[in-house]
Amino acid sequence: MLMLYPLVWFLMSSFKESSSIFTTAHSLIPDPWVWTNYVIGWAGIGGHSFGTFIKNSFVIVVLSTIGAVFSSALIAYGFARINFYGKRFWFTCMMLTMMLPHDVVIIPQYILFSKLGWLNSFKPIIVPQLFGMPFFIFLMMQFIRTIPAELDEAAKIDGCSKYSIFFKVILPLLAPALATSAIFSFYWRWEDLINPLIYLNKPELYTVSMALKMFLDSQSASNWGAMFAMSVVSLLPVVVVFFIFQKYIVEGISITGLKG
Amino acid sequence: MSAVMGEGVDQMKLRTKYDNVAGYTFIAPFIIGFLCFTLIPILASFYLSFTDYDLFSSPQWIGLDNYKEMFFEDEKYWNSVKVTFYYVLAGVPLRLGVALFIAMLLNRDLQGIGIYRTLFYLPSIIGGSVAVAIMWRNLFGNDGAINALLFFLGVEQPIYWYQDPISALWTLIFLSAWQFGSPMLIFLAGLKNIPKTYYEAASVDGAHAGHRFFKITLPLLSPIILFNLVMQTIGAFMTFTPAYIISNGTGGPLDGTLLYSLYLFQQAFSFFHMGYASAMAWVMLAVIALLTLLLFKTSSYWVHYESKEE
């Protein structure tokens, strides 16, 4: 219970009057219950409704998730099932990339994207995702290894090429691993603060994370209720996805055990 | 189907052994991405670390000046190193300790244990978000829930968590401990692999709980502890969002929460000292690589692999 107390406190605070959130910090139950925090919060900031920020986040999350999951599946299949010269070398590169601190590449990437004129667009956040995520590749490889090779052989005898084996045999069987990766991708993109912070400077492009940060900057003490309400809204998709897919999440973590 | 018949067996073997075209087609996205977004950026960052570059005029080669300034002149830099090590050295063991403790609690066949497992994991999944950082900031605020709780427990004077560099840093450490979910799941998976008969045998021999923990659980779990230790250490070195949100981007009070990543971010994107920030990034890379290597090297003294003994 101690674990969840902060979350419950947080949720309850979003229903309290702004002025009383801190004077009543010790009690959980709001008195009176206030819904206006949600109305005020949703109206947004700088003339942009919170709906805009949610839409932006969704566009980024959906496109990068589809890109990351699909490309990772291709790459995982290549590594797990096909023998080619230099495989060991590229595999090592991938594993090293997985351990690499993001901070090392963030500056040159920023310079690259600013030279390409991609600042203030979603491209710098989405495009790098289209080339596979080492964590997902690794997770999917582990999963492909549990699929019997006889299936590939049978499909080959039936005249399938490597490409159709991938699409017709492996990809459907890979569904649980695809789901796990998609969920993680969803979380990381949804929560991401540093990339939007660097690349997006126009409020109409802000993601949910950025919008909350902007709330924090501008409202400071005055309207905590709205701030809490929108924080709750921002967590809503995450929590819903968590409860629907928690089986996959728990499995995915125990298979590879990374991140967090 | 019968195309195979025409080809020599050797030739066919050769074809199935190496399929370069298909292999490279499938991993092409990785190679392109690796070159464009990892390898070239790393090399560029290495080059930039020897330059003075503000993004607007072209980079000026200044040799080792960035590194010299960092190591010998920049007090803020050393402070951020100190803060980061404090955070890692206090935070990672605390987080892993909590994770192991909870994993052991959950490693029982009780009804409904799955629900607890799920609920314990929830804070970790949302932990990286701005919303949680904001929540944390307010929990530890001067009139936040933590002080209200302490008052209830009889602590008369509220603790001003964010006015003292050390206690502000501890709020970040508590946050990281609160998100113990993913190491916990890995511990849990490891605990399940320890045969119950070991414990039974030990009980018969009269070993008490502490004995069983230190003589059976810890040694058999040590490979997993090593894995968690490496991953969590790397992760902790890169902590950014909570420090940024809780200190409002300043790393305050008195740079008490100025973690390395946050200072690097400030240098790069607030002051546009791209060369200096690149040098910082390279030092970070070297330190993380060294630490990882060190953990693996020393692991032979404390990690126990069952297969070796046989």
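The coordinates are above.
Described below are features of the structure shown in this document. (Residues numbered from 1 in each chain as written. Chains lettered and ligands numbered in written order. Predicted model: local features only at pLDDT ≥ 70, side-chain atom pairs only at ≥ 80, totals over all residues. Heavy atoms only, no water.)

Summing up its helical and strand segments, chain B has 16 helices and 2 strands in all. In terms of C-alpha radius of gyration, chain B reaches 26 Å, well past the compact-globule figure of 19 Å for 310 residues. Principal-axis analysis of the C-alpha atoms gives chain B an extent of 85 × 75 × 40 Å. In chain B, which comprises 310 residues, the proportion classed as buried is 50%. A sequence separation of at least 24 residues applies to 67% of the contacts in chain B between residues at least 6 apart. Carbon and sulfur atoms make up 66% of the accessible area of chain B, which amounts to about 15500 Å² in all. (Helix = DSSP H or I, 4+ residues; strand = E, 2+ residues; numbered from the N terminus. Rg over C-alpha atoms; globule rule 2.2 N^0.38 Å. Buried < 20%, exposed > 50% of the residue type's maximum accessible area, 1.4 Å probe, protein only. Contact = heavy atoms within 4.5 Å. Areas by Shrake-Rupley, 256 points an atom, 1.4 Å probe, with all protein chains shown as cover.)

Another aspect to go through is the interface of chain B and chain A. Counting residues at the interface gives 87 residues for chain B and 82 residues for chain A. Carbon and sulfur atoms supply 79% of the area that chain B and chain A bury against each other, a total of about 7300 Å² over both sides. For the chain B face of the interface with chain A, the top three residues by lost area are F26, F30 and F37 of chain B, together amounting to 12%. Our count for the chain B to chain A interface comes out at 0 salt bridges. Counting the contacts that link chain B with chain A gives 7 residue pairs in polar contact (both at pLDDT 80 or more). Counting residues per element, the side of chain B that touches chain A draws most heavily on helix 3 (residues 20-48) of chain B, which supplies 22 residues. When the residues that make up the side of chain B that touches chain A are grouped by side-chain class, the tally is 61 nonpolar, 21 polar and 5 charged. (Buried area = accessible area lost by both parts, 1.4 Å probe. Salt bridge = Lys/Arg side-chain N within 4 Å of Asp/Glu carboxyl O. Polar contact = N/O pair within 3.5 Å; in protein donor to acceptor, adjacent residues only side chain to side chain. Nonpolar A, V, L, I, M, F, W, Y, C, P; charged D, E, K, R; others polar.)

The next subject is unusual backbone geometry. Most of the time, phi is negative for any residue but glycine, and the peptide bond is trans. The phi dihedral of N120 of chain A is positive, around 60 degrees, even though this residue is not glycine. In this fold, N120 of chain A is placed in the loop between helix 5 (102-115) and helix 6 (123-126). One non-glycine residue, F272 of chain B, lies in the positive phi region at around 55 degrees. Secondary-structure assignment places F272 of chain B in the loop between helix 14 (260-270) and helix 15 (274-302).

Residues and elements named next belong to chain B. Applying the stated criterion to the full structure yields 4 salt bridges over all chains. With a closest N to O distance of 3.7 Å, D65 and K68 form a salt bridge. Residue D65 and its partner K68 are located together in helix 4 (residues 65-73), separated by 3 residues, close to a single helical turn. One salt bridge connects K76 with D255, and the closest N-O pair in it is separated by 3.8 Å. Taken together, the positions of K76 in helix 5 (residues 75-106) and D255 in the loop between helix 13 (241-246) and helix 14 put the pair 179 residues apart, joining distant regions of the chain.

On to the nonpolar core, then. Counting 185 residues, the largest nonpolar core has F50, F79 and Y187 of chain A together with F30 of chain B as its most contacted members. In terms of residue count, the dominant contributor to this core is helix 3 (residues 50-81) of chain A (14 residues). Leave out the neighbours within four places in its chain, and F79 of chain A touches F84, K87, W90, F91, M94, I137 and M141 of chain A together with I27 and F30 of chain B. (Core = buried A, V, L, I, M, F, W, Y, C linked by side-chain atoms within 4.5 Å.)

This part takes up the packing of aromatic side chains. Inspection of the entire model under this criterion finds 55 aromatic pairs over all chains. Both rings, one in F113 of chain A and one in W118 of chain A, keep their centres 5.4 Å apart while their planes meet at 10 degrees; by these two values the pair is stacked. Given the relative accessible area of 1%, F113 of chain A is considered buried. Grouping aromatic residues by their ring pairs yields a cluster made of Y110, F113, W118, F131 and Y199 of chain A together with F37, F240, Y244, F265 and F269 of chain B. (Phe/Tyr/Trp six-rings, centres within 6.5 Å; stacked < 30°, edge-to-face > 60°.)

This paragraph deals with helix 7 (residues 130-139) of chain B. An α-helix turns once per 3.6 residues; consequently, residues spaced three or four apart project the same way. In terms of burial, helix 7 of chain B is largely enclosed, as 10 of its 10 residues are buried. Residues of helix 7 of chain B that are buried include every one of V130, A131, V132, A133, I134, M135, W136, R137, N138 and L139 of chain B, and no others.

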